[in-house]
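Given next are the chains, with one letter for each unit.
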Amino acid sequence: MPTLQPPTVALQTELASNLATDLSPAPNGNAALALTLLRRDLLRLKRDTGRWVGLVLQPLLLWALLGSGFGAVFQVPGLPGVDYHLFFFPGLVAMIGLFTAIFATMAVIEDRDHGFLQQVLVAPGSRAAMVLGKVLGVLSIAIVQFLLVLPACTLAGYSLADISYGTLTLAFILGTVGTTSLAFSLAWLCPTTHAYHALMGVLLIPLWLISGAMFPLPADGWLHYVAAVNPMTYALDGLRHGFEGGSSAIATTAPIVTFLALAAYAVLAFALAVFVARATRITRGAA
Amino acid sequence: MTTQIPDMRPPAIVAAMPGADATVSGAPSPSAPSNVVASFDDVTFRWLAPKKAKNAPQPPVLDGFSLTIRRGEHLGLLGPNGSGKSTALSLLAGLHLPESGRVTWRLGGIDISPTSPRARSAFSVVFQSPSLDGQLTARDNLSLAAQMRGLGKATSSPTSPLIDELLAAFDLSARADDRVKTFSGGMKRRLDLARALIGRPTALLLDEPTSGLDEHAFRAFWAALNMRRDADRLTIVTATHRPDEAALCDRLALVHRGRIVAEGNPFDLIRQLGEDLIVVRAERSDEVAGVIAAKLGLLTRTSEGDGRLGDVTCEVPTGEDGARLLVRVVELFPKDRLDTIALKRPTLADVFAKLTGAALASDLPEAA
């Protein structure tokens, strides 16, 4: 039978040192991870000066050109005299959220397998924190872009004094969170950026087109029913309510319905993104 | 030689200490030696079958894989691409879960799952491709890594002394404010390593860390890492297919088709192979090997050479004069029958070839 010897001083020092290393206070991994991803997106925006031009000019150019082209032939049923520049401006703001979400989450695909997100996957934080960080990062960029474009609403015919800023901000945040989460789920599931491009072309961009962003929605017919279940319809209605002091005549739903639907969209889309991120990356080997 | 340190820590006390992780994968195991920092216990892993072939059995990537990693050692997993060494590393990093068996980190006296935040605070990973943001500067990348590991605002600031120190240690100070996408492969690797060392992890997992690097960059990478290793009392696990990289490890596990075929100190493994090797390159190498084995009684093995030429490797028995044997081999064949013949010291690639019959350079078919 081997006899147990008491530990030597050197051994005790070694054990104490090991304990100190192993049991150093655990950082708040979730908060650290989410804030890191948020800061990363803001740093990328700060470092990429050329992007600022695109952030402002691209949406405004689209708005000005479409407004000029469609202005002569456009009419909202039941609301004669509504200018297309005014009609399209909330759609433009919704587009800012959508396009920011699409381009920012597209980076997730390569980033996940060959870039920065690899270290995120082994960081001491949960997948929910990872999704939250990415969504907050995209939301921050979208808000910057939104604030830069907002003054142009006066050119469309809106008055800065009449805007319900709380309603507008809430609608923009909920809509962007929902769309970013949805785009994140699709990006996470897509093996390549080409597949993601194709999916965006047949899914998210059509959702924006049939939200009432570019043309008034019909009162009946299949398009009416598709628009009724399209979450972006509610995102757009929320923005219209915001631009028109809290309640818009052009919006298809009442404010309370709009925001209940938008909140449900944001929560469900975020939950879906967390589910997808958790289910598909940590896989158990199986026969 | 690694000292076996008995575990003197009562697990109940350890578990009750502030910061001890409650999400353990198993009960404390006081019988395990305290210098074990992580272990694989009879692990089997296979990738999920593609949807179109749900009923087709997938070959296991890891099959009965058992290994312990000791505190402070540099352990190498040596094998060709597709042998399972990177998968083993990904299980250790908690990116995948085993089909059967257990992968555990042993921290503070208790066994912890690799997916728990406590384990993830204890290790860092350097992946095959650098996990850096090319659009950001080197300073930004280190700052983000520090923030991600939960270091305070002052420490994770881009201009913090910690980040300055790391940039200097890895010879990157001059390019600290340049975008990483403008860096060479070697610089990206050094930056990735500096990133992984932030927060003083207990262990560093390196997956083919020097792939694609030239000789100079290879040496610079390992020189920088070895300088930090002693200071930080790091445990390192390196998955590699390079014999020269494997030779830098304290201990090696040779991985072939998801199993460990040999384990030991690199020099001991080479020594077990015997003395020098005679390598003959010729047409119809099987025939040449047969003649050498029959006439001289040498152990031979053949492998693919260059085009129609094949290689025959002959082991020089202990105590024999390699040069004299080489002359005897030449004398066995008519002039021009052999293309080349050479006497060389055995390497880890030779050890691997002898044990598995496969070459380290070859890519095995992917199991996934």
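Quick caveat: nothing in here was measured; it's all calculated off a predicted structure.

### Focus: the overall build of chain A
Broken down by element type, chain A carries twelve helices and one strand. Put simply, chain A runs from its N terminus to its C terminus through helices and strands in the order α-α-α-α-α-α-α-α-α-α-α-α-β. Expressed as a percentage of the 287 residues in chain A, the buried residues total 43%. A separation of at least 24 residues holds for 79% of the contacts in chain A among residues at least 6 apart in sequence.

### Notes on the confidence of the model for chain A
Residues and elements named next belong to chain A. Taken as a whole, chain A shows an average pLDDT of 84; of its residues, 87% reach a score of 70 or greater. Taken together, the stretch residues 1-8 has pLDDT below 50 and engages in two contacts with residues farther than four places along the chain or on a different chain. Under a pLDDT of 50 for its full length, residues 282-287 has, in the predicted model, 19 contacts with residues more than four places off or in other chains.

### With respect to the sheet that holds strand β1 (residues 36-45) of chain B
Residue and element names in this part refer to chain B. Spatially, β2-β1-β5-β6 is the arrangement adopted by the four strands of the open sheet, whose pairing is antiparallel. Of all the strands in the sheet, just β2 (62-70) and β6 (110-112) have a single pairing partner and so form its edges. Ignoring which end each strand starts from, the neighbouring axes of this sheet average 25° apart. Inspection of the sheet shows β1 paired to β2 by six bridges, in the antiparallel sense. Opposite Val-36, over in β2, you have Arg-70 as the bridge partner. Along the sheet, helix α2 (residues 85-92) contacts β1, β2 and β5 (100-107); its crossing angle with β1, the most-contacted strand, is approximately 120°.

### Section: the sheet that holds strand β7 (residues 123-126) of chain B
All names here are of chain B. Ordered by their spatial adjacency, six strands build an open sheet running β7-β8-β9-β3-β10-β11, and the pairing between neighbours is mixed. Sheet topology places β7 and β11 (259-264) at the edges, where each strand pairs with a single neighbour. Looking at each pair of strands side by side, their axes are set apart by 15° on average, direction ignored.

### So, the pairing of β5 of chain B
Residues and elements named next belong to chain B. Of the pairings in the sheet, the one linking β1 to β5 comprises five bridges and is antiparallel in character. When the bridges of β5 are listed, Ser-39 appears paired with Thr-104. Direction of pairing for β5 relative to β6: antiparallel, over a ladder of three bridges. Counterpart to Leu-107 in the pairing with β6 is Ile-110. Adjacent in sequence and paired antiparallel, β5 and β6 are bridged by two residues, among which Gly-108 carries a positive phi angle near 60°.

### Comments concerning the packing of helix α9 (residues 193-213) of chain A against helix α11 (residues 231-243) of chain A
Residues and elements named next belong to chain A. For the pair α9 and α11, the least separation of the axes is 8 Å and the interaxial angle reads 45°. On the basis of their axis angle, the class for α9 and α11 is oblique. In this structure, the crossing between α9 and α11 has a hand that is right-handed. Residue-level inspection shows Leu-207, Trp-208, Ser-211, Gly-212 and Ala-213 of α9 in contact with α11, the latter providing Met-232, Thr-233, Ala-235 and Leu-236. Grouping the amino acids of the contact of α9 with α11 by side-chain chemistry returns six nonpolar, three polar and no charged.

### Structural notes on the environment of Ile-112 of chain B
Residues and elements named next belong to chain B. Within the secondary structure, Ile-112 sits in strand β6. Taking the C-beta count within 10 Å as the criterion, Ile-112 has 25 such neighbours and is therefore assigned buried. C-alpha of Ile-112 to C-alpha of Arg-271: the two residues are 159 residues apart in sequence and 37 Å apart in space.

### Considerations on α9 of chain A
Residues and elements named next belong to chain A. The largest bend in α9 is about 45°, located at Met-200. Along α9, the residues that are buried comprise Tyr-196, Met-200, Trp-208, Ser-211, Gly-212 and Ala-213. On its buried side, α9 packs onto α4 (84-114), α8 (165-189), α10 (222-228) and α11.

### So, the pairing of strand β14 (residues 309-315) of chain B
All names here are of chain B. The buried count for β14 comes to five of seven residues, which makes it a mostly enclosed element. As paired elements, strand β12 (residues 277-283) and β14 share seven bridges and run antiparallel to each other. Looking at β14, one finds that Arg-281 is bridged to Asp-311. Hairpin remark: strand β13 (residues 300-304) followed by β14, antiparallel, with four residues in the connecting loop; positive phi at Gly-307, about 65°.

The rules behind the values
Per chain, residue numbering runs from 1 following the sequence as it is written. Ligands are numbered from 1 and chains lettered from A, in the order in which they are written. Local features in this predicted model are restricted to residues of pLDDT 70 or higher, and side-chain atom pairs are both shown and tallied only at a pLDDT of 80 or more, whereas totals for entire chains, interfaces and linings draw on every residue. A run of DSSP states H or I qualifies as a helix once it reaches four residues; a run of E qualifies as a strand once it reaches two. Both are numbered from the N-terminal end. Exposure classes come from backbone-placed C-beta atoms, where a residue is buried if 20 or more other C-beta atoms lie within 10 Å of its own, exposed if 12 or fewer do, and partly exposed in between. What counts as a contact here is a pair of residues whose C-beta atoms, placed from the backbone, lie within 7 Å. Confidence scores per residue from the predictor, reported as pLDDT, run from 0 to 100. Two strands form a pair only when DSSP identifies at least two bridges running between them. Only the contacting stretch of a helix is used when fitting its axis, a line to C-alpha atoms as for every element, and angles between N-to-C directions run 0 to 180 degrees. Working definition: roughly parallel below 35 degrees, roughly antiparallel above 145 degrees, roughly perpendicular at 65 to 115 degrees, and oblique for all remaining angles. The crossing is said to be left-handed when, going from far helix to near helix, the turn is anticlockwise and less than a right angle, and right-handed when the turn is clockwise. In this classification, the charged set is Asp, Glu, Lys and Arg, the nonpolar set is Ala, Val, Leu, Ile, Met, Phe, Trp, Tyr, Cys and Pro, and all remaining amino acids, among them Gly, are polar. For a residue, the bend is simply the angle between two axes, fitted respectively to the seven-residue segment ending there and the seven-residue segment starting there.

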